[in-house]
Amino acid sequence: MESPENMDKASWIKEMLHAFCDLCIKTIDIGMRPNTHFDKGGWKYLLASFKQQTGHAFTKTQLKNK
């Protein structure tokens, strides 16, 4: 089990980064980024889609920091 200090730090591999970037582009294309940031629905979509594609359940903060 991971220590509490390491739970906030996400480990990224190249395939996960590409999947995240592709999902961000798709989310923007379907209109879930009204201004300069994703809306609540956009973040929900990103979190669910990222978990489905990669099998990793990162938090909103972990994705946002990337």
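Above this text you will find the structure in question.
The paragraphs below set out a description of the structure included in this document. (Residues numbered from 1 in each chain as written. Predicted model: local features only at pLDDT ≥ 70, side-chain atom pairs only at ≥ 80, totals over all residues. Heavy atoms only, no water.)

**Some points on the overall build of the chain**
(1) Moving on: Within the chain, the regular secondary structure consists of 3 helices and 0 strands.
(2) Moving on: Beginning at the N terminus, the succession of helices and strands in the chain can be written as α-α-α.
(3) Moving on: Scored against the burial criterion, the 66 residues of the chain give a buried share of 26%.
(4) Moving on: Looking at the chain alone, contacts between residues at least 24 apart form 46% of all its contacts between residues at least 6 apart.
(5) Moving on: Put simply, the chain shows about 5,200 Å² of open surface, and 54% of that area lies on carbon and sulfur atoms. (Helix = DSSP H or I, 4+ residues; strand = E, 2+ residues; numbered from the N terminus. Buried < 20%, exposed > 50% of the residue type's maximum accessible area, 1.4 Å probe, protein only. Contact = heavy atoms within 4.5 Å. Areas by Shrake-Rupley, 256 points an atom, 1.4 Å probe, with all protein chains shown as cover.)

**Comments concerning the packing of aromatic side chains**
(1) Moving on: Throughout the structure, instances matching the rule amount to 6 aromatic pairs.
(2) Moving on: Among the aromatic residues, those joined into a cluster by ring pairs are Trp-12, Phe-20, Phe-50 and Phe-58. (Phe/Tyr/Trp six-rings, centres within 6.5 Å; stacked < 30°, edge-to-face > 60°.)

**Topic: the side chain of Thr-27**
(1) Moving on: Assignment of secondary structure puts Thr-27 in helix 1 (residues 14-29).
(2) Moving on: By relative accessible area, Thr-27 is classed as buried at 0%.
(3) Moving on: At a separation of 2.7 Å, a polar atom in the side chain of Thr-27 contacts the main-chain carbonyl oxygen of Leu-23.
(4) Moving on: Not counting residues up to four positions away in its chain, the partners in contact with Thr-27 are Met-32, Phe-38, Gly-42, Tyr-45 and Leu-46. (Polar contact = N/O pair within 3.5 Å; in protein donor to acceptor, adjacent residues only side chain to side chain.)

**Thoughts on the packing of helix 1 against helix 2 (residues 40-54)**
(1) Moving on: The N-to-C vectors of helix 1 and helix 2 enclose an angle of 145°; their axes lie 10 Å apart at closest approach. In terms of crossing hand, the pair formed by helix 1 and helix 2 is right-handed. Contact residues: Met-16, Ala-19, Phe-20, Leu-23, Cys-24, Lys-26 and Thr-27 in helix 1; Gly-42, Tyr-45, Leu-46, Ser-49, Phe-50, Gln-53 and Thr-54 in helix 2.
(2) Moving on: Here the contact of helix 1 with helix 2 is composed, by residue class, of 8 nonpolar, 5 polar and 1 charged. (Axes fitted to C-alpha atoms, helices over the stretch in contact; angles between N-to-C directions. Left-handed = near helix turned anticlockwise from the far one by under 90°. Nonpolar A, V, L, I, M, F, W, Y, C, P; charged D, E, K, R; others polar.)

**Brief notes about the nonpolar core**
(1) Moving on: Membership of the largest hydrophobic core is limited to 12 residues, which are Ala-10, Trp-12, Met-16, Phe-20, Leu-23, Cys-24, Phe-38, Trp-43, Leu-46, Phe-50, Phe-58 and Leu-63.
(2) Moving on: Listing elements by their share of this core, those giving two or more residues are helix 1 and helix 2.
(3) Moving on: The greatest single-element share of this core, amounting to 4 residues, is contributed by helix 1.
(4) Moving on: Setting aside residues up to four positions removed in sequence, Phe-50 forms contacts with Trp-12, Met-16, Phe-20, Leu-23, Gly-55, His-56, Phe-58 and Leu-63. (Core = buried A, V, L, I, M, F, W, Y, C linked by side-chain atoms within 4.5 Å.)

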